[in-house]
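Notes for the structure review
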Amino acid sequence: MRAARMNFWKLFAVKGFNKRTATDFTSFAENAKHGPADCVIVISEWLVLYETLGKVLMNSGMTAQVIVGLVNKRLIGVCPKCRTLYPGEGLATLSMMHDGLKIINAPPDAYRVLEGHCRNDSCTCKKMMIFWKPDEDRNAISRLAGLGINVRPKV
Ligand SMILES: [Zn+2]
């Protein structure tokens, strides 16, 4: 009886969970501990990535304040289709909006992104490229330059 019940919950949990966390961002976050990292995500997964990144960096000894500072200044998202830029600061703010904090004058595109759509309302893309510390990565700098986004290399 007991085993059968456990299996039921296991099944239920996996079924419910898979949809929301289709991607494991641990390897991205582990790379981010040591230097630049990038990946492509489904826009609606941004908060999962942000949470994973925060947890891993905090476990490595960084304070929340340092992490938020880095996300604000040295993380960017880019739409692979229309090349719209998502500044890290805006992406960090989405997490606060999600936590129920009212952001005064939140732009309408923030709500679009929270719902998994591109900031650009004439774009149907549901993905986003995420770059962490691209300023330390020559390869990322040139990929971004190809998308029309100039990143100043950090010496
Ligand atoms: Zn787009």
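All values reported here derive from a predicted model rather than from experimental measurement.

Further remarks concern the overall build of the protein chain. In terms of regular secondary structure, the protein chain is built from seven helices and four strands. Secondary structure elements of the protein chain occur, N-terminal to C-terminal, as α-α-β-α-α-β-β-α-α-β-α. Pairs at least 24 residues apart make up 58% of the contacts formed inside the protein chain by residues separated by at least 6 positions.

With that out of the way, let us pick up the confidence of the model for the protein chain. Overall, the predicted model of the protein chain reaches an average pLDDT of 86, with 83% of residues at or above 70. When mean pLDDT is compared element by element in the protein chain, strand 4 (residues 127–132) scores highest at 98, while helix 1 (residues 2–20) scores lowest at 47.

Look at helix 3 (residues 46–59) against helix 5 (residues 88–98): their axes get within 10 Å of each other, and the N-to-C directions meet at 100°. In terms of their interaxial angle, helix 3 and helix 5 are classed as roughly perpendicular. Counted together, Trp46, Leu47 and Tyr50 of helix 3 and Leu91, Leu94, Ser95 and His98 of helix 5 form the full contact between these two elements. Each residue belonging to the contact of helix 3 with helix 5 can be placed in one class, and the counts come to five nonpolar, two polar and no charged.

Below, the discussion takes up the nonpolar core. Leu53, Leu75, Met128 and Phe131 are the most contacted members of the largest nonpolar core, which has 28 residues in total. Discounting residues that sit within four places of it in the chain, leucine 75 has contacts with Leu70, Gly88, Leu91, Ile130, Phe131 and Trp132.

In this section: the environment of tyrosine 86. Inspection of the secondary structure puts tyrosine 86 in strand 3 (residues 85–87). Between the C-alpha atoms of tyrosine 86 and leucine 75, which are 11 residues apart in sequence, the distance is 8.9 Å. When near neighbours in sequence (up to four residues on either side) are disregarded, tyrosine 86 contacts Ile76, Gly77, Val78, Leu91, Arg119 and Met128.

What follows covers the sheet that holds strand 3. Spatially, four strands are ordered 1-4-2-3 in an open sheet, and the strand pairing comes out antiparallel. Lying at the two open borders of the sheet, with one neighbouring strand each, are strand 1 (37–42) and strand 3. When the angles between neighbouring strand axes are averaged without regard to direction, this sheet yields 25°. In terms of strand pairing, strand 2 (residues 75–78) meets strand 3 through three bridges, oriented antiparallel. In the strand pairing of strand 3, glycine 77 is matched with tyrosine 86. Where helix 5 meets the sheet, its contacts fall on strand 2 and strand 3, and the angle it forms with strand 3 comes to roughly 65°.

Another aspect to go through is unusual backbone geometry. Although it is not a glycine, arginine 83 sits at a positive phi angle of roughly 70°. Inspection of the secondary structure assignment puts arginine 83 in the loop between strand 2 and strand 3. The partly exposed category is assigned to arginine 83, around which 16 C-beta atoms lie within 10 Å.

Moving on, we get to helix 7 (residues 138–146). Among the residues of helix 7, those classed as buried are Ala140, Ile141 and Leu144. All buried residues of helix 7 fall inside an arc of 100° around its axis, so they share one side. Along helix 7, the residues that are exposed and aim more than 90 degrees away from the buried face are Arg138, Asn139, Ser142, Ala145 and Gly146. As for helix 7, its buried residues are in contact with strand 1 and strand 4.

Rules and cut-offs
Residues numbered from 1 in each chain as written. Predicted model: local features only at pLDDT ≥ 70, side-chain atom pairs only at ≥ 80, totals over all residues. Helix = DSSP H or I, 4+ residues; strand = E, 2+ residues; numbered from the N terminus. Contact = placed C-beta atoms within 7 Å. pLDDT = per-residue confidence, 0-100. Axes fitted to C-alpha atoms, helices over the stretch in contact; angles between N-to-C directions. Parallel < 35°, antiparallel > 145°, perpendicular 65-115°, else oblique. Nonpolar A, V, L, I, M, F, W, Y, C, P; charged D, E, K, R; others polar. Core = buried A, V, L, I, M, F, W, Y, C linked by C-beta atoms within 7 Å. Buried ≥ 20, exposed ≤ 12 C-beta atoms within 10 Å, placed from the backbone. Pairing = 2+ DSSP bridges. Arc of directions from axis to C-beta.

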